[in-house]
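# An overview of the molecular structure
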Amino acid sequence: MNTNFSFRLIATDGGARRGEVAMPRGTVRTPAFMPVGTGGTVKAMYMDQVRGTGADIILGNTYHLMLRPGAERVARLGGLHEMARWPWPILTDSGGFQVMSLSKLRKLTDHGVTFRSHIDGAPYEMTPERSIEIQGLLDSDIQMQLDECTALPAKPAEIERAMELSLRWAERCKAAFGDQPGKAMFGIVQGGDNAGLRVRSAQALKAMELKGYAVGGLAVGEPQAVMLEMLEITCPELPADRPRYLMGVGTPDDILKSVARGIDMFDCVMPTRAGRHGLAYTRRGKVNLRNARHADDHRPLDEESYCPAARDYSRAYLHHLVRSQEALGAMLLTWNNLAYYQRLMQDIRDAIEAGRFADRAAEISEGWARGDI
Ligand SMILES: Nc1nc2cc3nc(NCCc4ccc(CCO)cc4)[nH]c3cc2c(=O)[nH]1
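Calculation criteria
Along each chain, the written sequence defines residue order, and numbers are assigned to residues from 1. In view of the model being predicted, local features appear only for residues whose pLDDT reaches at least 70, and side-chain atom pairs are presented and counted only at 80 or more, with totals across whole chains, interfaces and linings using the full set of residues. For the side-chain quantities, the full set of heavy atoms in the structure was used; hydrogens and water were omitted. Strands here are runs of E lasting at least two residues and helices are runs of H or I lasting at least four, both read from the DSSP assignment and numbered beginning at the N terminus. When a residue's accessible area, from a 1.4 Å probe over protein chains only, is under 20% of the maximum for its type it is buried; when over 50% it is exposed; and in between it is partly exposed. The contact criterion used is simple: two residues touch if any of their non-hydrogen atoms lie within 4.5 Å. Nonpolar side chains (Val, Leu, Ile, Met, Phe, Trp, Tyr) within 5 Å and like charges within 9 Å form the patches, drawn only from residues with over 30% relative accessible area and no salt bridge. Shrake-Rupley sampling with a 1.4 Å probe provides the accessible areas, and residues are treated as covered by the protein chains on show and by no other component. Salt bridges, as used here, are contacts in which a Lys or Arg side-chain nitrogen is within 4 Å of a carboxyl oxygen on Asp or Glu. Working definition: rings of Phe, Tyr and Trp (its six-membered ring) pair if their centres are within 6.5 Å, and the pair is stacked with planes under 30 degrees apart, edge-to-face with planes over 60 apart, and tilted otherwise.

Once that is clear, we can look at the environment of R290. Mapping R290 onto the fold places it in the loop between strand 16 (285–288) and helix 12 (308–311). For R290, a relative accessible area of 37% corresponds to the partly exposed category. C-alpha of R290 to C-alpha of G278: the two residues are 12 residues apart in sequence and 6.0 Å apart in space. Discounting chain neighbours no more than four positions away, the residues touching R290 are H277, G278, H319, V322 and R323.

Quick look at the structure:
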């Protein structure tokens, strides 16, 4: 039973890292993929099913939970783990990104941001202190600083303003978080697509000696090459003995290429959202089950998969469910997709330990290129 929060680097292979993040509620094997459970649920999944796919940690969102059912109410219900019946680690985003991308009538100052709920228009204020307070009420194990994520493309002056504001907010979040041994507060590197600003942000956050670091401000529409270039600039500035979390990323290809550049933790809505839209991730790339070509196909998605959704159901049946908008369609494809992502992460972890990450990454990519059987 770990009473503290710690990161252990087990092996490296080039820029790729194999590690473990240990905390009282459990240990996260890295590189790790965190299924997104925005409103306290990983959509269309039971939590023991999410666990069964191999997930060590899930993500929750401060913005959504503060609006509904409310942070104080979640605390009265025993916290997010108790309410949602997920007893293992939970990482919560701080709300900054969602306020700027979802809410209405926003006013941002150095003090914080005032906004109206996208659900019922009710007014709210989010400050660094309130974000940490809410994440505490949720009983989150890894809490993110409140930050301002700049939408790209943006002028350097605008990127610099948001990056410097985020650094001031990191200091305030660190002060508000205080000393909680079994939990962590991660800083978030900003700086857009500007190398100099990325370095300044990473170095300033490193000086704060935080327990972990996220790379933010990416996966906001920039080309993959720009995202990867920012990782090549940012990761070397971060301490090697702390976890690195790339927010909102990504596709399986994004993940392979980002692991190669030193990232340990990922989250993305892709596998769950795609599952609800009839899209399956497989070893041979994506399969759109809406497509009529599957209507009489007896084969499963992947007869070699450990996941029943991939192994026990015909494509014809999945096509029927998707076309009929049956709830089971979203459930089975979400299950398949999360299982695929976790299988990919296990493959990556094993390959780094065996010192063959580059070869394995190439084999995996060739599988996608081969296309669907
Ligand atoms: N606090 C904070 N949170 C973030 C969350 C993010 N999420 C992303 N990208 C995810 C965007 C994303 C949204 C939808 C889909 C599904 C297909 O459309 C895929 C990716 N970038 C992000 C950046 C930040 C950031 O700087 N700070």
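This next bit is on a nonpolar patch on the surface. Together, Y317, L328 and M331 line one region of the surface with nonpolar side chains, adding up to about 220 Å² of accessible area. Along the chain, Y317 falls in helix 13 (residues 315–323). For Y317, a relative accessible area of 32% translates into the label partly exposed.

A few words on the packing of aromatic side chains. Scanning all chains against the criterion turns up 7 aromatic pairs. Ring geometry for F5 versus F186: centroids 6.2 Å apart, planes at 85°, classification edge-to-face. One end of the pair, F5, is in the segment before strand 1 (6–13); the other, F186, is in strand 11 (residues 184–189), and 181 residues separate them in sequence. What makes F5 buried here is its relative accessible area of 10%. Of the residues examined, F186 reaches a relative accessible area of 0% and is grouped as buried. Taken together, a centroid distance of 5.7 Å and an interplanar angle of 40° make the contact between Y63 and F115 tilted.

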